[in-house]
Amino acid sequence: MPRTRAHHRSAIHAIITSASRPNLALALATCASLWAAEPSSAQFVDIGAGLEDLSGVHAAWGDYDNDGDLDVLTTGVSESELPVSHLYRNDAGSFVDIGAGLPGMYEGSVAWGDYDNDGDLDILFAGLIEGFVRVSRVYRNDAGSFTDALAGLAGSSGAASWVDYDNDGDLDILLLGDGGGVAAT
């Protein structure tokens, strides 16, 4: 699979706390490493999180397992030129790929939101999968196991986000980019 944007990276930030690094204040993920800002200095330190180095990447923070710390979902193209998706569980500052069974995706975006109002975060997933196929999917979180909710969304390889634009108490979806431009409620 050709890399169309080999140097494209996504930077995200979050507040992380753990017993092993109580002074960790801010983290930036480049999908190859996690950089922590120490409050006592202006320096960032690579904490050796073990995230796979990807290109065409997107990442999103969310507490999918409701344990009080932020986990990270990454998608992109691996060194072997294959699209991949990884959900890394944060275990007190150590990140473990849980093998969530999500399809490999690149050139798109992921977002966390509780679309079914059951108290746990679900995944909005939009981008290209193997064979350059555009997809937009919602993956329902059932106690840490993710299932395609068969939401019937138009395929998109651009931005995807959750928002309650009509203030009715449930999350709506905005898809923008190739194949997108659709709001779903």
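Above this text you will find the structure in question.
On a predicted model such as this, the values are computed, not experimentally measured, just so you know.

Looking at the sheet that holds strand E7 (residues 83-91)
Two modes of strand pairing occur in sheets, parallel and antiparallel, and in both the strands are linked by backbone hydrogen bonds.
Move 1: The antiparallel open sheet is built from 4 strands, whose spatial order is E5-E6-E7-E8. Where the open sheet ends on each side, the last strands, each with one partner, are strand E5 (55-62) and strand E8 (94-97). Pairs of neighbouring strands in the sheet enclose a mean axial angle of 25°, with direction left out of account.
Move 2: Where E5 meets strand E6 (residues 71-77), 6 bridges bridge the pair, whose relative direction is antiparallel. Counterpart to His-58 in the pairing with E6 is Thr-75.

Brief notes about the packing of aromatic side chains
Move 1: Counting across every chain of the model gives 7 aromatic pairs.
Move 2: Their ring planes at 80° and their centres at 6.4 Å tell us that Tyr-106 and Phe-132 sit as a pair that is edge-to-face. In this pair, Tyr-106 is assigned in strand E9 (residues 106-113) and Phe-132 in the loop between strand E10 (122-129) and strand E11 (133-142), connecting sequence segments 26 residues apart.
Move 3: Judged by its relative accessible area of 47%, Phe-132 falls in the partly exposed class.
Move 4: Following the ring pairs from residue to residue traces out a cluster consisting of Tyr-64, Trp-112 and Phe-146.

Observations concerning the sheet that holds strand E12 (residues 145-148)
Move 1: Taken in spatial order, the 4 strands of this open sheet run E9-E10-E11-E12, and their pairing is antiparallel. Edge positions in the sheet fall to E9 and E12, since each has one partner strand and no second. Adjacent strand axes in the sheet meet at a mean angle of 25° when their direction is disregarded.
Move 2: Judged from the 6 bridges that link them, E9 and E10 form a sheet pairing that is antiparallel. Paired with Val-110 across the two strands is Phe-125, which belongs to E10.

Cut-offs used in this document
- Residues numbered from 1 in each chain as written.
- Predicted model: local features only at pLDDT ≥ 70, side-chain atom pairs only at ≥ 80, totals over all residues.
- Heavy atoms only, no water.
- Pairing = 2+ DSSP bridges.
- Helix = DSSP H or I, 4+ residues; strand = E, 2+ residues; numbered from the N terminus.
- Axes fitted to C-alpha atoms, helices over the stretch in contact; angles between N-to-C directions.
- Phe/Tyr/Trp six-rings, centres within 6.5 Å; stacked < 30°, edge-to-face > 60°.
- Buried < 20%, exposed > 50% of the residue type's maximum accessible area, 1.4 Å probe, protein only.

Remember that the coordinates give geometry; whether it matters functionally is a separate question.
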